[in-house]
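What follows is the residue order along each chain.
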Amino acid sequence: MTDEAPAAYVGQKRIVSGVQPTGDLHLGNYLGALIKFVRMQHEMETFIFVADLHALTEWQDPAKLKDQVREIVAAFLAVGVDPKIATIFAQSSVPAHAELAWIFNCVARLGWLDRMTQFKDKAGKHKERSSVGLYTYPVLQAADILAHKATHVPVGEDQRQHLELTRDIAAKFNHDFDRPGFFPLAEAVVQGPGARIMSLRDGKVKMSKSDPSDYSRINLTDDAEAISQKVRKARTDAEPLPDNLEALKARPEAENLVGVYAALSGVTAEVVLKEFAGQGFGAFKPKLADLAVSVMGPIGAEMRRLLADKGEIDRILAAGGEKARDTAAPTLAEVKKIVGYWAG
Ligand code: TRP
């Protein structure tokens with residue numbers, strides 16, 4: 001352990017992102033975040049973790065939590081995150097995240113957290129019954145990012161506000177302790193074809209693991225039969241597909257399916273419309289089902305294979321935890337010195 005960041009990292013770009021181990025991953029997570037990890041791991045130093053600390057902000061069965069963590073890691077590996085290039089770890093194996101979160105709790109202002117829309121959505125009408133952890137959730141997220149001095153954070157659209165808060169915390173820390181530039185102002189990477197994948201039952205709401213209808217989403221673990229059935233049953237309208245994007249605007253379900261097709265095949269929505277203009281959903285859906293099965297089917301199969309033998313995943317998590325602890329250690333040591341802590 002040294003007091004300084006290893007020279008090789010200084011000035012370099014680094015990705016940190018996390019996924020909560022709460023509920024099945026679906027097509028929206030895949031297109032919104034996971035494929036970005038796969039692409040970006042070749043461009044920047046990459047740290048990806050399973051957010052088991054964040055998971056505890058809502059009740060989790062202690063007997064299941066470890067397997068939930070393994071399932072997320074299986075998804076990372078199955079989509080193509082390479083543990084030889086990217087560091088994959090469990091958040092709870094790097095205590096620096098929680099330690100830094102405490103300090104950031106003292107940097108962030110109550111007024112900033114009061115504005116967080118995800119807390120309002122999750123807490124609903126009874127906010128007095130939410131855990132305090134749910135309220136300070138975005139502060140822990142800032143600690144995840146800044147413990148590793150990330151410069152780029154690939155996330156879904158809904159995380160933009162948390163990334164703004166992360167920058168506010170970094171800037172206030174740097175200012176209050178008179179250490180300009182100590183923490184980088186990390187950028188959210190949200191753009192991409194899958195930034196907003198909607199429910200298959202309602203084109204106006206996001207595809208979500210908390211939707212009570214399983215037909216609203218395609219899960220990463222769905223088999224071919226389930227995938228094509230969900231595509232066949234997806235809500236649509238009676239019109240044929242138009243030849244331009246503008247005409248899709250008032251048809252959220254049609255727009256979503258075209259977007260899914262585009263994202264899965266790696267082309268733009270315009271290209272999809274060129275191919276299908278004038279055709280109805282009777283023709284489009286079977287093509288989309290085949291495409292979804294050919295992309296998602298192998299991912300589910302690989303997850304099942306990986307989960308059948310926990311050894312490989314557990315070894316990857318052990319090695320990743322060690323690497324992430326080493327990366328965070330110099331930053332944490334420096335932070336403790338900066339704030340004047342007794343121990344550190
Ligand atoms: N809040 C993120 C989500 O729900 C998960 C997360 C936790 C995260 N810590 C993070 C994402 C750090 C990016 C960076 O999707």
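Structure: above.
Procedures and definitions
- Residues numbered from 1 in each chain as written.
- Predicted model: local features only at pLDDT ≥ 70, side-chain atom pairs only at ≥ 80, totals over all residues.
- Heavy atoms only, no water.
- Helix = DSSP H or I, 4+ residues; strand = E, 2+ residues; numbered from the N terminus.
- Expected span 1.5 Å × (residues − 1).
- Bend = angle between axes of the 7 residues up to and from the residue.
- Polar contact = N/O pair within 3.5 Å; in protein donor to acceptor, adjacent residues only side chain to side chain.
- Buried < 20%, exposed > 50% of the residue type's maximum accessible area, 1.4 Å probe, protein only.
- Contact = heavy atoms within 4.5 Å.
- Right-handed = clockwise from strand over helix to strand, strands pointing away.
- Pairing = 2+ DSSP bridges.
- Arc of directions from axis to C-beta.
- Near = heavy atom within 4 Å.
- Areas by Shrake-Rupley, 256 points an atom, 1.4 Å probe, with all protein chains shown as cover.
- Axes fitted to C-alpha atoms, helices over the stretch in contact; angles between N-to-C directions.
- Left-handed = near helix turned anticlockwise from the far one by under 90°.
- Nonpolar A, V, L, I, M, F, W, Y, C, P; charged D, E, K, R; others polar.

Peer 1: How should I be thinking about helix 13 (residues 310-339) in this particular structure?
Peer 2: Given 3.6 residues to a turn, an α-helix orients residues that are three or four positions apart in the same direction. Over its 30 residues, helix 13 runs 41 Å from end to end, which matches the ideal 44 Å to within 8%, given 1.5 Å per residue. When the local axis directions of helix 13 are compared, the greatest deviation, roughly 35°, occurs at A329, which is followed within four positions by the proline P330. Taking the backbone nitrogen of G311 as reference, a side-chain oxygen 3.0 Å away marks D309 as the first, capping residue of helix 13. G340 sits one or two residues past helix 13 and shows a positive phi near 90°.

Peer 1: How should I be thinking about the side chain of H162 in this particular structure?
Peer 2: Counting through the fold element by element, H162 comes out in helix 8 (residues 160-176). Among the residues examined, H162 registers a relative accessible area of 1% and is labelled buried. A distance of 3.1 Å separates the side chain of H162 from the side chain of Q141, its partner in a polar contact. Excluding anything up to four places from it in sequence, H162 contacts M116, Q118, Y137, P138 and Q141.

Peer 1: For this particular structure, what's the right way to read the pairing of strand 2 (residues 45-50)?
Peer 2: Among the six residues of strand 2, six are classified as buried, and the element is accordingly described as predominantly covered. Of the two faces of strand 2, the one holding E45, F47 and F49 and the one holding T46, I48 and V50 are both buried throughout. Handedness of the crossover joining strand 1 (residues 14-19) and strand 2 through helix 1 (residues 27-40) is recorded here as right-handed. When strand 2 meets strand 3 (residues 87-90), the two strands line up parallel, connected through four bridges. Across the sheet, I48 pairs through a bridge with I88, a residue of strand 3.

Peer 1: Explain helix 11 (residues 269-276) to me, please; I cannot follow it from the model alone.
Peer 2: All buried positions along helix 11 are accounted for by A269, V272, L273 and F276. Across the axial projection of helix 11, the buried residues extend over an arc of 100°, all falling on one side. Contact partners of the buried residues in helix 11: helix 10 (252-265) and helix 12 (281-308). Residue G278 follows helix 11 closely and has a positive phi angle near 90°.

Peer 1: What is the right way to look at the site of the ligand in this model?
Peer 2: Neighbouring residues of the ligand: S17, G18, F49, H54, Y137, Q141, D144, I145, V153, V155 and Q159. One of the side-chain N or O atoms of Y137 is found 2.7 Å from a nitrogen atom in the ligand. Within the side chain of Q141, an N or O atom sits 2.9 Å from a nitrogen atom of the ligand. Bound to the protein, the ligand loses 88% of the 370 Å² it would expose on its own. Those elements that place two or more of their residues in the shell around the ligand are strand 1 and helix 7 (132-146). A per-element tally of the shell around the ligand places helix 7 first, with four residues.

Peer 1: What is the right way to read the packing of helix 9 (residues 224-233) against helix 12 from this model?
Peer 2: Helix packing for two helices is described by the angle between their axes and how far apart those axes are. It is the contact of helix 9 with helix 12, at a shortest axis distance of 9 Å, that shows an interaxial angle of 145°. You can see that helix 9 and helix 12 cross each other, and the crossing is right-handed. From helix 9, A224, I227, S228, V231, R232 and K233 reach across to helix 12, where they touch K285, L288, A289, A292, V293, M296 and G297. Grouping the constituent residues of the contact of helix 9 with helix 12 by class yields eight nonpolar, two polar and three charged.

Any functional reading would require information that these geometric values do not contain.
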